[in-house]
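A structural walkthrough
Spelled out from the first residue to the last, the chains are:
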Amino acid sequence: LSAVGANVTLFAMWTSLEDRAIDLPGNLNSALTGPSGVIPAGEFTVEAWVYMRSNTQRTVFSEGTAVVSSDSRVYLTTHTDGKFYVRWGTSESGVSAEAPLNQWAHVALSRNGSGTPQFFLNGVQQTISGGTNSTSAPNASGPFRVGVQVGDSSLFDGQIDQLKVWDKQLTAAQLTVSMHSHGDRGADGNAIRGDATLRAHYDFNSFSAGRVELNRSGSNNNLTYGSDISSTSVSYTHLTLPTKRIV
């Protein structure tokens with residue numbers, strides 16, 4: 001920081017962030033719950049790093065309700081065969097890729113403005129086997145949740161990190177940048193997608209005594225920890241990410 005007369009100059013430098021992940025043991029009290037309205041209507045991308053100890057009926061995130069089968073909801077889970085299974089509004093389908101076990105993988109579910117979904121595993125698009133276009137937002141009476149399916153089922157067993165929700169559909173190239181970046185900018189300081197808003201960003205880097213996981217994008221969509229999550233749940237070093245620091 002320097003000042004000459006009335007002028008103030010701020011210098012930004014890029015440094016590294018030791019990133020941590022949250023460990024979820026696969027029970028309902030370890031899930032995280034937020035508000036509704038995190039995932040929008042129309043375009044979106046939800047991405048995260050996952051380390052799965054089990055890939056049979058395990059949910060990374062969900063939002064919406066399941067009172068009737070036609071309820072609009074969005075989720076990323078796995079089926080009984082260990083393959084990913086996704087829903088993007090009022091339509092759902094299986095994915096060709098099996099969820100990797102006991103290793104870190106990056107996953108992303110997205111939808112374009114016409115309601116067509118895409119699923120990426122480690123930045124590579126995978127085949128979604130069926131379903132129809134759907135642009136609807138998740139049912140407003142159902143909250144955004146991490147580690148549990150709509151209806152309190154398919155509980156996640158493993159670790160989750162760097163979960164981001166965007167209001168645009170990211171390309172494979174943009175996801176490749178985002179998965180190795182903290183926030184909405186890459187290591188070069190440029191926006192990952194200039195016209196996109198990062199609606200939510202949960203980095204799981206620290207345990208709050210208030211039992212709240214802050215939304216690092218600053219838009220109040222915070223998560224509340226389940227009762228089985230403690231300070232030891234976020235003590236696992238995962239990545240080293242570039243982040244900007246003002247000096």
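Criteria and cut-off values
- Residues numbered from 1 in each chain as written.
- Predicted model: local features only at pLDDT ≥ 70, side-chain atom pairs only at ≥ 80, totals over all residues.
- Heavy atoms only, no water.
- Buried < 20%, exposed > 50% of the residue type's maximum accessible area, 1.4 Å probe, protein only.
- Helix = DSSP H or I, 4+ residues; strand = E, 2+ residues; numbered from the N terminus.
- Pairing = 2+ DSSP bridges.
- pLDDT = per-residue confidence, 0-100.
- Contact = heavy atoms within 4.5 Å.
- Polar contact = N/O pair within 3.5 Å; in protein donor to acceptor, adjacent residues only side chain to side chain.
- Core = buried A, V, L, I, M, F, W, Y, C linked by side-chain atoms within 4.5 Å.
- Phe/Tyr/Trp six-rings, centres within 6.5 Å; stacked < 30°, edge-to-face > 60°.

Comments concerning the pairing of strand β14 (residues 157-166)
- With 10 of 10 residues buried, β14 lies mostly within the body of the structure.
- Pairing of strand β5 (residues 44-52) with β14 involves 7 bridges; the strand directions are antiparallel. Note that in β14 the partner of threonine 45 across the bridge is tryptophan 166.

Details of the confidence of the model for the chain
- Averaged over every residue, the pLDDT of the chain is 89; residues scoring 70 or more account for 88%.
- The low-confidence segment residues 8-14, where pLDDT is below 50, has 28 contacts with residues more than four positions distant or belonging to other chains.
- Across residues 243-247, confidence stays below pLDDT 50; counting only partners more than four residues off in sequence or on other chains, it has 21 contacts.

Quick notes on unusual backbone geometry
- Of note in this structure, asparagine 122 is not a glycine but carries a positive phi near 55°.
- Since its relative accessible area comes to 40%, asparagine 122 is described here as partly exposed.

Some details on the side chain of arginine 87
- Along the chain, arginine 87 turns up in strand β8 (residues 83-89).
- A polar contact is formed between the side chain of arginine 87 and the backbone oxygen of glycine 89, at a distance of 3.0 Å.
- Beyond its immediate stretch of four places on either side in the chain, arginine 87 contacts Ser69, Ser70, Asp71, Arg73, Val74, Tyr75, Glu92 and Leu109.

Focus: the nonpolar core
- Phe61, Phe144, Ile160 and Leu163 are the most contacted members of the largest nonpolar core, which totals 39 residues.
- At 5 residues, β5 tops the list of elements feeding residues into this core.
- Judged by nonpolar contacts, the second largest core, of 8 residues, contains Ala108, Phe120, Leu175 and Ala196.

Points about the packing of aromatic side chains
- Enumeration according to the criterion identifies 5 aromatic pairs in this entry.
- Ring geometry for phenylalanine 61 versus phenylalanine 144: centroids 6.2 Å apart, planes at 20°, classification stacked. With phenylalanine 61 in strand β6 (residues 59-64) and phenylalanine 144 in strand β13 (residues 144-146), the pair connects residues that are 83 residues apart, well separated along the chain.
- Each member of the aromatic cluster is reached from another via a ring pair, and the members are Phe61, Phe144 and Tyr202.

Describing the pairing of β6
- With respect to burial, β6 is a largely interior element, 6 of its 6 residues being buried.
- Looking at chain direction, β6 and strand β7 (residues 73-78) are connected through 5 bridges and run antiparallel. Counterpart to phenylalanine 61 in the pairing with β7 is leucine 76.
- Judged from the 3 bridges that link them, β6 and β13 form a sheet pairing that is antiparallel. When the bridges of β13 are listed, phenylalanine 61 appears paired with valine 146.

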